[in-house]
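Reading the structure
One-letter residues, chain by chain:
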Amino acid sequence: MRVLADDNNMVCVGTNPSDMALAINEGIRIGGGLAVVDRAAVVETLALPVGGIVADIDVEMMAAAESRFDAAARRLLRTLLGALRKVLDQRVRPREEES
């Protein structure tokens, strides 16, 4: 998900409808914020309960929460990109001609 501070809409990006629905529902459950979901499990959240864009916690706690969320999102992205790279590599390699 990405926070759109200008109008507080929710955006969801994913690979399957059930994980995307879980991410949206988790964002609602935590009162606004971000969620990383993988294979029907909430991996990490970043609660942003004040208008869905900020949290009323001290800066050190927020920095730690953002770091955890960012790390979880990057791990999942690397996994997805690795899988996509394998598929693309197979599709662009010329097939060896049969003799």
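The model shown is predicted, which means the values in this text are computed figures rather than measured ones.

All right, on to the overall build of the protein then. The helix and strand tally for the protein stands at two helices and four strands. In the protein, the succession of helices and strands from N to C terminus is β-β-α-β-β-α. Going through the 99 residues of the protein one by one, you find that 18% of them count as buried. Long-range contacts, defined here as pairs at least 24 residues apart, represent 29% of the contacts in the protein between residues at least 6 apart. Of the roughly 7500 Å² of accessible surface on the protein, 54% is carried by carbon and sulfur atoms.

Among the six residues in strand β3 (residues 33-38), five count as buried, and that is most of the element. Relative to strand β4 (residues 41-47), β3 is paired through six bridges, and the arrangement is antiparallel. Looking at β4, one finds that G33 is bridged to A47. In this antiparallel pair of consecutive strands, β3 and β4, the connection spans two residues, and R39 shows a positive phi of 50 degrees.

Take the environment of R29 next. With respect to the secondary-structure elements, R29 resides in helix α1 (residues 17-29). Separated by 18 residues in sequence, R29 and A47 have C-alpha atoms that sit 9.5 Å apart.

This paragraph deals with the pattern of salt bridges. Going through the model one piece at a time under the given rule, you end up with two salt bridges. A salt bridge links R29 to E26; the nearest nitrogen and oxygen atoms lie 2.7 Å apart. Taken as a pair, R29 and E26 lie in helix α1 at a separation of three residues, close to a single helical turn. Here R29 falls in the exposed class, since its relative accessible area comes to 59%. Since its relative accessible area comes to 10%, E26 is described here as buried. R74 is the partner of D70 in a salt bridge, and the nearest nitrogen-oxygen pair spans 2.8 Å.

Soluble, globular proteins show a tendency: their nonpolar side chains are buried together. Counting nine residues, the largest nonpolar core consists of L34, V36, L46, L48, M62, A65, F69, A72 and L76. For this core, the secondary structure elements donating two or more residues are β3 and α2 (59-92). With five residues, the top contributor of residues to this core is α2. Discounting chain neighbours no more than four positions away, the residues touching L76 are V36, V37 and D38.

Criteria and cut-off values
- Residues numbered from 1 in each chain as written.
- Predicted model: local features only at pLDDT ≥ 70, side-chain atom pairs only at ≥ 80, totals over all residues.
- Heavy atoms only, no water.
- Helix = DSSP H or I, 4+ residues; strand = E, 2+ residues; numbered from the N terminus.
- Buried < 20%, exposed > 50% of the residue type's maximum accessible area, 1.4 Å probe, protein only.
- Contact = heavy atoms within 4.5 Å.
- Areas by Shrake-Rupley, 256 points an atom, 1.4 Å probe, with all protein chains shown as cover.
- Pairing = 2+ DSSP bridges.
- Salt bridge = Lys/Arg side-chain N within 4 Å of Asp/Glu carboxyl O.
- Core = buried A, V, L, I, M, F, W, Y, C linked by side-chain atoms within 4.5 Å.

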